[in-house]
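Report on the structure
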Amino acid sequence: MNRINRRTWLQQASVASLPWLMTSSLTAANTKDRASLPVAAIVTEYTPTSHADVLVGKILEGFQQQGGPGPDLTLAALYTDQVPERDMSRKLSRKYKFPIAETIEEAITLGTNQVQVAGVLIIGEHGDYPYTPDTKQHMYPRKQFFDQIVATFKKYGKAVPVYNDKHMGYRWQDAKDMYETSRKMGFPMMAGSSLPVAWRKPTLTLPENCEIESVMTIGRGNFETHGFHSLEAQQCLIEHRQGPTGVAAVETAQGQQIWEAERNGKWDRSMLQAALDVMPHVAKGKWENILKDDSAFYFVEHQDGLQSTVAMANRLSRHYAVAVKLKGEDKPRATWFKLDLDRPFGHFAYLLQAIEHMIHTGEPAYPVERTLLTTGTLDAIMHSLAADGKRIETPQLAIDYTPVSWPYANQPAKS
């Protein structure tokens, strides 16, 4: 994997707090004369504050979505799978003169007999879609979108980079098929959460090839939708450790099972406290009285023997944090993943810069294997939750990859 030159990247984006990206640094010498490349966006729906809004909206209206500087990308066409009452796409189409395609093929070819875009964005988040009956996984049509994109690439003999927002499908087989297809056809692919590029308070980057003794991640919200963000936040830190990056098995706990798991040594109260100590607005009181059935703990056994815990701590906090205990250190290192929770949802601007990098260079900003792994881990976790915490072996997740040093929002530049 290529490692990104951090000094060059930081010339393109200020790492201070908002308005960060909206500075003259975006016109650095290495990008100011770069052409704006056309992309197609394939989305489930385009409504206010949807992922389509906070990603595609920055292509249309700049990083702050107020008409200022933005990425060197142009929206060539948009496909919307659903058009609810709060739809924004038709009004934006009239304002910015981009076409609304009737099919995914049309969005990519613009109705011609060739691929007309330099990249494709799959944003399969939000919308009225069913859930799996047993595991309650949201059946967003990311794989269906991907298959139609690939069919278009094959029909016209050209493939371009693809970004898939969030996890690569609700089931492991979808993610595996998408990954293997991209490798077989030879087109670059990225996927994942915005948390790995969000602000970290305090800043935290683990040493390369470090030895980790324990990991505790705090998340919140829906066990699948937000559990994915928690896994990505954890993985982007611990992927820099020694040894293989894969996952061997998962277990889960809810309600009283959480405290039984603590008594059995599955998680450490001091690690949970270390993560809470860096977070704002933590609920006061005994954890046993706060963490009820709407909370869940995920226990992940990694291939190298590392045991990590993701605490989906609803009503304890509304944020994400990770605490990591390194071998030879007395205290855990911890960081809060700070998100911009109001418009323009600035952490998505940093995600868009990573996507922009791939579309312009043909090199993913960070490996898609990270999200292949977190997708498969999440699928196994959802099945464990549905089976009352059952341990699930995951030999299919022996996924080893080399991490890269793509910066997060406020990462300090190396001197």
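Above this note sits the structure.
The rules we used
- Residues numbered from 1 in each chain as written.
- Predicted model: local features only at pLDDT ≥ 70, side-chain atom pairs only at ≥ 80, totals over all residues.
- Heavy atoms only, no water.
- Helix = DSSP H or I, 4+ residues; strand = E, 2+ residues; numbered from the N terminus.
- Rg over C-alpha atoms; globule rule 2.2 N^0.38 Å.
- Buried < 20%, exposed > 50% of the residue type's maximum accessible area, 1.4 Å probe, protein only.
- Contact = heavy atoms within 4.5 Å.
- Pairing = 2+ DSSP bridges.
- Axes fitted to C-alpha atoms, helices over the stretch in contact; angles between N-to-C directions.
- Phe/Tyr/Trp six-rings, centres within 6.5 Å; stacked < 30°, edge-to-face > 60°.
- Lys NZ or Arg CZ within 6 Å of the ring centre and 35° of its normal.
- Salt bridge = Lys/Arg side-chain N within 4 Å of Asp/Glu carboxyl O.

**Comments concerning the overall build of the protein chain**
In terms of regular secondary structure, the protein chain is built from 12 helices and 13 strands. For 415 residues, the compact-globule estimate of 2.2 N^0.38 gives 22 Å, and the C-alpha radius of gyration of the protein chain, at 21 Å, lies within 12% of that figure. Overall size of the protein chain, expressed as C-alpha extent along the three principal axes, is 65 × 50 × 40 Å. Every one of the 415 residues in the protein chain was classed for burial, and the buried ones make up 60%. Look at the contacts in the protein chain between residues 6 or more apart in sequence, and 78% of them connect residues 24 or more apart.

**Points about the sheet that holds strand S10 (residues 307-312)**
Within the open sheet, the 8 strands sit side by side as S6-S12-S11-S7-S10-S9-S8-S13. Their pairing is mixed. If you trace the sheet from one side to the other, it starts and ends with strand S6 (199-201) and strand S13 (392-393), each paired once. Relative to the sheet, helix H8 (residues 256-263) contacts strand S8 (247-254) and strand S9 (296-302), its axis offset from that of S8 by approximately 125 degrees.

**Quick notes on unusual backbone geometry**
The peptide bond linking Lys201 to Pro202 adopts the cis configuration, its omega dihedral lying at -5 degrees. Considering the arrangement of structural elements, one finds Pro202 in the loop between S6 and strand S7 (212-219). With an omega of 15 degrees, the peptide bond between Arg343 and Pro344 qualifies as cis. Positionally, Pro344 belongs in the loop between strand S12 (333-338) and helix H11 (347-361).

**Let's talk about the packing of aromatic side chains**
Tallying each qualifying case throughout the model produces 8 aromatic pairs. In textbook terms, an aromatic cluster arises when at least three aromatic residues are bridged by ring pairs, as seen for Trp259, Trp267, Phe297 and Phe299. Positioned above the aromatic ring of Phe299 is the side chain of Lys266, whose terminal nitrogen or guanidinium carbon lies 6.0 Å from the ring centre. If you follow Arg370 out to its NZ or CZ, it ends over the ring of Tyr366, 4.9 Å from the centre.

**Some details on the pattern of salt bridges**
A side chain of one charge can pair with a side chain of the opposite charge if their charged atoms are brought near each other. Evaluation of the coordinates by the stated rule reveals 23 salt bridges. Where Glu125 meets Lys166, a salt bridge forms, and the shortest distance between an N and an O atom there is 3.1 Å. Of this pair, Glu125 sits in the loop between strand S3 (119-123) and helix H5 (142-156) while Lys166 is found in the loop between strand S4 (162-165) and helix H6 (172-185), placing the two residues 41 residues apart along the sequence. Taken as a pair, Glu125 and Lys166 share a single burial class, namely buried. Residue Arg370 is joined to Glu239 by a salt bridge in which the shortest nitrogen-to-oxygen separation is 2.8 Å. Here Glu239 lies in the loop between helix H7 (225-238) and S8 and Arg370 lies in helix H12 (residues 368-386), a separation of 131 residues in the sequence. Looking at Glu239, the relative accessible area reads 2%, which means it is buried.

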